[in-house]
Amino acid sequence: MKFKYTLWVLYWFLASALASHAHAKTPVNDTDKINNLIAKMTIEEKVGQMTNLTLAAVSEKTDEPVTLDMEKLRDAIVKHNVGSIQNTINHAYTLEEWHHITNKIQNIALKETRLKIPNLYEIDAVHGANNTLGSTLFPHNLALAATRNPELVRLGAEITAKEVRASGIRLDFSPVLDLGRQPLWSRFPETFGEDVLLVQTMGAAAIKGYEGKSLKNVTSVAASMKHFIGYSAPADGKDRTPAYIPEIMLREYYLPSFKAAIAAGAHTLMVNSGEVNGTPLHASKYFLTDVLRTELGFNGVITSDWEDIKKLHDWHKVAASNKEAALLAVNAGIDLVIVPLDFSFYDDVIALVKEHKISEKRVNESVRRILQLKYDLGYFDNPYLEPDAVKNFARPEYKDVALEAARESVILLKNTDNTLPLAKNKKYLVVGPGADSLTALHGCWSYTWQGTVDKYFAKDTLTIAKAIKAKVGNDKVIQLQGTDFDAKDINIAEAVTAAKDVDYIIVALGENAYAETPGNIKELALPEIQQLLVKELAKTGKTIVMVMSEGRPRIIREIEPDAKGILLTNWAGSQAATAIADVLFGDYNPNGILPYTYPRFSGEILTYDHKWADEGEETLLADKKTFNPQYPFGHGLSYTTFDYSDLTINTNKLTGNDHITITVTVKNTGKIAGKHTVELYSRDHYASITPSVKRLRKFQKIFLTPESAQTLTFELNKSDLAFVNAELKAITEDGDFTVMIGNLNKTFTYLNE
Ligand code: BGC
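Residues numbered from 1 in each chain as written. Predicted model: local features only at pLDDT ≥ 70, side-chain atom pairs only at ≥ 80, totals over all residues. Heavy atoms only, no water.

A look at the site of the ligand
Note the cut-off: Near, as used in this document, describes a residue that has one of its heavy atoms within 4 Å of the molecule or strand being considered. Distance and chemistry together define a polar contact, namely a pair of N or O atoms within 3.5 Å, with one atom able to donate a hydrogen and the other to accept it when in protein, and with adjacent residues in sequence counting only for side-chain atoms on both sides. Note on areas: Shrake-Rupley, 1.4 Å probe, and residue coverage restricted to the protein chains presented here. Amino acid classes used here: Ala, Val, Leu, Ile, Met, Phe, Trp, Tyr, Cys and Pro are nonpolar; Asp, Glu, Lys and Arg are charged; the rest, including Gly, are polar.
Every residue lining the ligand is accounted for by Q86, N87, D124, F173, R187, K226, H227, R240, M270, D305, W306 and E516. Here an oxygen atom of the ligand and a side-chain polar atom of D124 are 2.7 Å apart. Between the ligand and the protein, one listed contact pairs an oxygen atom with a side-chain N or O atom of H227 at 2.7 Å. In isolation the ligand offers 310 Å² of accessible surface; the protein chains occlude 95% of this area. Its residues assigned to classes, the shell around the ligand shows three nonpolar, three polar and six charged.

Here it is as structure tokens:
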């Protein structure tokens with residue numbers, strides 16, 4: 001007994017000695033360091049880490065050139081402990097300006113604050129480093145989705161990351177993972193289109209490109225998947241207006257892209273500014289904590305969108321004050337708040353902690369995630385500009401990737417009588433509001449938020465007219481504007497007269513750049529004035545080719561018959577004009593295909609994966625609900641032809657977790673080489689929740705020279721065929737499924753066991 005007691009005392013002594021040693025030891029890993037830091041932080045220092053300001057809040061009023069207001073900066077970082085800053089004032093900056101700004105901010109954080117925690121800078125770089133002058137701009141997500149080439153998306157994101165990091169910035173508020181199913185919505189061009197699999201695949205590719213192997217690398221930035229969740233389907237089509245999306249739909253269509261992005265390693269997420277089913281997402285503990293954290297296992301930083309905590313109070317009206325809004329948001333699970341112009345959030349949260357309405361434990365969770373991100377990004381190793389990163393700015397090879405991406409994003413919608421490609425020795429009238437517009441080729445977030453200021457584009461960036469002149473020679477081109485984008489007849493009559501002297505008319509139509517709320521529209525039809533231009537030109541009897549550059553499908557039903565050829569790009573970036581001219585004149589064989597359904601009528605907006613009840617005829621009522629879009633999802637022509645044959649499946653019965661193997665042979669039966677995307681759809685014959693007419697399950701892009709063929713193999717398993725049932729669970733029910741590739745199909749039966 002005595003011996004046992006002595007042993008116990010000895011054990012206790014040793015254990016406590018070890019424990020105290022462990023406590024005193026120098027931290028070895030980030031977690032230890034973060035815990036140590038948090039233990040030293042005051043509540044003010046903690047809440048400061050959760051507070052994000054915009055650059056304008058710490059700068060002098062004038063923005064030419066941007067000048068930090070050192071007094072305001074000190075007030076933010078030293079007095080209010082602000083841990084991160086973001087954005088630009090009005091426009092993109094030179095590399096040098098960025099270096100100056102970011103280094104100065106770090107100087108204050110490192111030299112003048114008690115704990116010397118480096119500051120984090122964030123930017124929206126959504127199709128290239130669009131806030132740094134001289135960067136390469138890639139096609140917008142919608143255009144990239146048309147390429148069906150995830151590797152191009154990854155490459156573009158990788159280059160974007162390099163140019164952002166070269167600017168001294170390490171967090172990119174991109175990619176948009178919202179599903180583009182509401183074409184009126186002004187942020188439709190920022191989406192990867194209407195299909196779940198497409199958005200999942202392209203979104204994950206973008207994240208891999210941004211984040212690379214490690215955020216510490218000078219080639220990487222942290223990605224921010226956004227905007228969680230349901231932002232893209234506002235009922236009235238306007239930006240940030242209410243959406244009504246039943247949870248069964250949120251889970252079936254809107255959640256999978258975030259799930260895939262988390263699996264791809266995304267470090268941060270931004271919340272949807274809007275409300276879904278009457279709950280603003282910034283106040284939704286259910287979505288931000290229960291779904292995102294607990295169910296999906298997301299451990300990264302959740303940021304608010306712009307001023308969205310205040311909007312819980314003064315816009316959505318779910319909080320009676322800003323303070324109550326802060327309480328709702330923090331307790332819902334938000335870590336980092338883009339306030340972004342004052343210290344209201346900071347003051348409110350400190351007060352709420354002191355009043356025990358928000359626990360310090362809850363604040364610590366957010367601070368831990370933010371500090372972890374700063375560690376991951378290498379800020380604690382070197383928060384200043386990294387010279388090795390700067391070497392990666394504006395490398396000549398980036399242009400090649402932008403050109404390839406732009407070329408693959410061009411969609412040939414129509415080509416009657418093989419009008420295209422055009423001959424280089426004919427005479428052309430190049431006319432329309434898009435003919436000499438840079439901004440209409442680049443769209444939003446292009447050196448300015450709205451993308452509408454020409455002077456920031458690189459001097460050698462081509463417009464459609466310039467690219468065509470470069471191709472066929474100035475002497476073969478008459479260039480006129482005709483109309484502006486929306487209302488004004490610049491001189492249609494002059495265009496009609498000029499058309500008499502040419503062989504072909506190329507009309508450049510579509511939309512000028514816009515972003516977010518300023519891009520709201522009330523009418524999806526292409527503005528009347530542009531349609532009038534085409535109608536008047538058609539009267540000349542000359543062959544018309546329409547070149548559309550737009551952020552969303554503007555309805556062209558009335559003028560479509562007037563054009564023999566139609567090309568479409570959805571804001572394809574700095575090489576867009578060259579890509580368009582290459583396709584027009586046969587130097588590139590088009591292969592882009594629509595990532596959304598192009599509607600024919602604004603009263604008939606349906607996605608390809610609509611339900612059976614959306615189409616078909618009700619005999620008694622003679623109510624014809626046809627699905628007859630202008631162009632279907634996946635549509636896009638080529639200058640060659642591809643034939644499908646020998647569709648096989650390896651079994652007629654798929655059971656449990658096995659997979660079915662599907663093969664198909666594709667042959668280039670035309671005269672020129674080309675790229676081509678093979679899409680595999682499935683149809684669930686009967687299900688407890690009404691099945692879609694079809695769903696895209698796999699896609700693969702190939703390249704075939706004339707007369708060559710390739711056999712492709714696809715595999716499908718239970719989860720590829722699943723749907724969300726009434727209990728909100730993803731299940732696959734027993735029954736028959738048909739797989740479809742082109743006009744071929746095969747049917748098999750699935751049995752759970
Ligand atoms: C947009 C976000 C963007 C943020 C930061 C907001 O207006 O909704 O997508 O990341 O501004 O600048």
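Some remarks on the layout of surface pockets
Counted only if it meets this: Definitions used throughout: a 1 Å grid over protein atoms alone; a cavity as a set of points that fits a 1.4 Å probe which cannot get out; a pocket as an open set with protein on both sides within 12 Å along at least five of seven lines; a lining residue as one with an atom within 4 Å of a point. Grid points are joined across faces, edges and corners, and a volume is the space filled by probe spheres set on the points. Here a helix means four or more residues in a row that DSSP labels H or I, a strand means two or more in a row labelled E, and each is numbered from the N terminus.
Considered as a void within the structure, the largest pocket measures approximately 860 Å³ in volume. Surrounding the largest pocket, 33 residues form its lining, F633, G634, H635, E679 and G742 being those nearest its centre. Mapped onto the lining of the largest pocket, the elements with two or more residues apiece are strand 21 (642-649) and strand 24 (674-684). By residue number, the principal contributor to the lining of the largest pocket is strand 24, which donates six residues. Taken together, the residues that form the lining of the largest pocket break down as 14 nonpolar, 14 polar and five charged.

Focus: the domain arrangement of the protein chain
This is how the line gets drawn: Segmentation of the chain into domains, including their bounds, is taken from an automatic or database domain assignment. The contact criterion used is simple: two residues touch if any of their non-hydrogen atoms lie within 4.5 Å. Summed over both partners, the accessible area (1.4 Å probe) lost when two parts come together is defined as the buried area. Just to be clear on terms, a salt bridge is a Lys or Arg side-chain nitrogen sitting within 4 Å of an Asp or Glu carboxyl oxygen.
Segmenting the protein chain into domains produces domain 1 (41-390), domain 2 (410-584) and domain 3 (642-751). In this structure, domain 1 and domain 3 have C-alpha centres spaced 37 Å apart. With 14 residues of domain 1 at the contact, the number on the domain 3 side is 16 residues. When domain 1 packs against domain 3, close to 1,200 Å² is buried across both sides, 58% of that on carbon and sulfur atoms. Ranking the residues of domain 1 by area buried against domain 3 places R148, I248 and E252 at the top, with a combined share of 45%. Between the two partners, domain 1 and domain 3, sit two salt bridges. The salt bridge partner of E679 is R148, with a shortest N-O separation of 3.0 Å. Where domain 1 meets domain 3, there are four residue pairs in polar contact (both at pLDDT 80 or more).

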